[in-house]
Amino acid sequence: MRVGVHITKFDNPAGSAGVAAELAAVARNAEAAGVGWISVMDHYFQMEHNGGAADDMLEGYTTLGFLAAQTSTVELSLLVTGVTYRNPGLLAKIVTTLDVLSNGRGTLGIGAAWYDREHHGLGVAFPPLKERFERLEETLQICLQMFDQSNDGPYEGKHYQLAETINHPPAVRSPRPRILIGGGGEKKTLRLVAQYADACNLFPTSVEEVSHKLDVIKAHCDTVGRDYAEIEATLTTRADDLDTFVAQMQEYAKIGIKTVIVAPPTGTPARWIEEFVAPAVRRVADL
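This structure is a prediction, so every number in the text was calculated from the model and none was measured.

A.B. asks: Could you give an account of the overall build of the chain, with specific residues and numbers?
C.D. replies: On a plain count of helices and strands, the chain comes out with 9 helices and 11 strands. A globule of 287 residues ought to have a C-alpha radius of gyration of about 19 Å, and the chain, at 18 Å, matches this closely. Each of the three principal axes of the chain carries a C-alpha extent, and together these read 50 × 45 × 35 Å. Scored against the burial criterion, the 287 residues of the chain give a buried share of 55%. In the chain, of all internal contacts separated by at least 6 residues, the share reaching a separation of at least 24 is 72%.

A.B. asks: Outline the packing of aromatic side chains, listing residues and values.
C.D. replies: Think of a pair of aromatic rings as described by two things: how far the centres are apart, and how the planes are tilted against each other in angle. This model, assessed by the stated rule, comprises 4 aromatic pairs. Pairing Tyr44 with Tyr85 gives two aromatic rings, centres 4.7 Å apart and planes at 40°, and the pair type is tilted. Remark: Tyr85 occurs in the loop between strand E4 (81–82) and helix H3 (88–101) and Tyr44 occurs in the loop between strand E2 (37–40) and helix H2 (60–70); sequence separation between them is 41 residues. By relative accessible area, Tyr44 is classed as partly exposed at 24%. Aromatic ring contacts, followed pair by pair, group Phe245, Trp272 and Phe276 into a single cluster.

A.B. asks: I'd like a description of helix H6 (residues 189–196), backed by residues and values.
C.D. replies: Because each turn of an α-helix spans 3.6 residues, side chains separated by three or four positions end up pointing in the same direction. The element H6 is extensively covered by neighbouring structure, given that 6 of its 8 residues are classed as buried. Listing the buried residues of H6 in full gives Thr189, Leu190, Leu192, Val193, Ala194 and Tyr196. Next to the buried residues of H6 lie helix H5 (129–147), strand E8 (178–182), strand E9 (199–202) and helix H7 (207–224).

A.B. asks: Just give me the short version of the sheet that holds E2, but keep the residues and values in it.
C.D. replies: Taken together, 9 strands build an open sheet; the order of strands is E3-E2-E1-E11-E10-E9-E8-E5-E4 and the sheet is parallel. The two strands at the open ends of the sheet, each matched to only one other strand, are strand E3 (75–78) and E4. Note: E4 against strand E5 (residues 107–111), 2 bridges, orientation parallel. Looking across to E5, one finds that Thr81 is bridged to Ile110. Across the sheet, helix H8 (residues 242–254) touches strand E10 (232–237) and strand E11 (257–262), and the angle it forms with E11 is around 150°.

A.B. asks: So what's going on with the nonpolar core? Which residues, and what values?
C.D. replies: Residues Phe245, Phe276 and Val277 are the most contacted members of the largest nonpolar core, which totals 82 residues. Counting residues per element, this core draws most heavily on helix H9 (residues 269–284), at 9 residues. If near-sequence neighbours (up to four positions away) are discounted, Val277 is found in contact with Val3, Val5, Val35 and Trp272. Trp37, Leu79, Ala199 and Ile261 belong to the second-largest nonpolar core, a separate cluster that totals 5 residues.

A.B. asks: Please set out the environment of Asn29 residue by residue, giving values where relevant.
C.D. replies: Among the secondary structure elements, Asn29 is positioned in helix H1 (residues 19–33). A C-alpha to C-alpha distance of 25 Å links Asn29 and Pro177, two positions 148 residues apart in sequence.

A.B. asks: Which residues make up the packing of H5 against H6, and what values do they have?
C.D. replies: At a closest axis distance of 11 Å, the pairing of H5 and H6 adopts a crossing angle of 10°. Viewed along their axes, H5 and H6 adopt a mutual orientation that is roughly parallel. Across from Phe133, Leu136, Glu137, Leu140, Gln141 and Leu144 in H5, the residues of H6 making contact are Thr189, Arg191, Leu192, Gln195 and Tyr196. Each residue belonging to the contact of H5 with H6 can be placed in one class, and the counts come to 6 nonpolar, 3 polar and 2 charged.

A.B. asks: Hey, could you go over the side chain of Gln46 for me, with residue numbers and the actual values?
C.D. replies: Tracing the backbone shows Gln46 in the loop between E2 and H2. Under the relative-accessibility criterion, Gln46 is labelled buried at 1%. At a separation of 2.9 Å, a polar atom in the side chain of Gln46 contacts the main-chain carbonyl oxygen of Thr8. Once residues within four sequence positions are removed from consideration, Gln46 is found in contact with Thr8, Lys9, Met41, Gly51, Gly52, Ala53, Asp55, Asp56, Met57 and Tyr115.

A.B. asks: Explain the environment of Ile261 to me, and be specific about the residues and the numbers.
C.D. replies: Structurally, the position occupied by Ile261 is in strand E11. In this structure, the C-alpha to C-alpha distance between Ile261 and Arg238, residues 23 residues apart in sequence, is 8.4 Å. When sequence neighbours within four positions are dropped, the list of residues in contact with Ile261 reads Gly4, Val5, His6, Trp37, Ser39, Leu79, Asn201, Thr234, Leu235, Thr236 and Thr237.

A.B. asks: Let's hear about the packing of H1 against H2: which residues, and what values?
C.D. replies: Each pair of packed helices can be summarised by the angle the axes make with each other and by the distance between the axes. Remark: H1 packs on H2, axes separated minimally by 9 Å, with the N-to-C direction vectors making an angle of 50°. The angle between H1 and H2 places the two elements in the oblique class. Seen along the crossing, H1 lies across H2 with a hand that is right-handed. Facing Ala20, Leu23, Ala24 and Ala27 of H1, the residues of H2 in contact are Thr63, Phe66, Leu67 and Gln70. Here the contact of H1 with H2 is composed, by residue class, of 6 nonpolar, 2 polar and no charged.

Here is what the cut-offs are and how they apply
- Residues numbered from 1 in each chain as written.
- Predicted model: local features only at pLDDT ≥ 70, side-chain atom pairs only at ≥ 80, totals over all residues.
- Heavy atoms only, no water.
- Helix = DSSP H or I, 4+ residues; strand = E, 2+ residues; numbered from the N terminus.
- Rg over C-alpha atoms; globule rule 2.2 N^0.38 Å.
- Buried < 20%, exposed > 50% of the residue type's maximum accessible area, 1.4 Å probe, protein only.
- Contact = heavy atoms within 4.5 Å.
- Phe/Tyr/Trp six-rings, centres within 6.5 Å; stacked < 30°, edge-to-face > 60°.
- Pairing = 2+ DSSP bridges.
- Axes fitted to C-alpha atoms, helices over the stretch in contact; angles between N-to-C directions.
- Core = buried A, V, L, I, M, F, W, Y, C linked by side-chain atoms within 4.5 Å.
- Parallel < 35°, antiparallel > 145°, perpendicular 65-115°, else oblique.
- Nonpolar A, V, L, I, M, F, W, Y, C, P; charged D, E, K, R; others polar.
- Polar contact = N/O pair within 3.5 Å; in protein donor to acceptor, adjacent residues only side chain to side chain.
- Left-handed = near helix turned anticlockwise from the far one by under 90°.

And the structure:
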């Protein structure tokens, strides 16, 4: 089982001047620990249950660009990009640029978006849920078309129309950047995973519930003619006791979870990675 780190807090004790140094230390410590993935959230405002809108929050892709320069092995992604935050053509260009500048380590993590306050706060359209899912599927189609160097023609969708899907230089990763879809909605989200994604991301509600979600993805794969083995099952969680964490991951590994992504509890995660994540990586490596 692979371990990843998901950074959700940036409230550094030194204020803004301390954030870059802390993230650089996160990068060093994560790679030294054998971490395979680093992600950050894609939000304009900090989430209410994580401190609130007045707390510090960095722009996601700018942060990944910084982390790309500080690392050489970890996969880099947002967990996850809200489909409403960026024009799909621009999003494909951003992810491709991340992949090029990280030498093939950029991943498109994406979902339907949900945090209405930040949309209204910064004047970004927040359409109804049904439309957001329609836009999500069109965005996936656009990104796949732009990642494919054999097709730079138009895209005509219900919500998006692109005259030219030119995207140069191409990604380093072959055949394209990976796509991860976050969420557990069985009718829409998990169908999109089966049809378009290389990975899913779920929450550890229970081993039984996660196993059920994976079965739903398998059923959708059968419907669309996809090999389920092509999809990496990932989980995002929080943990503070190592023995409990390892015992839980043993059970999730049995049902096919390949990567567990752990969120640090504070805005100073570099030391936490040394103390908690490094031994966790060693103990779950053979699960």
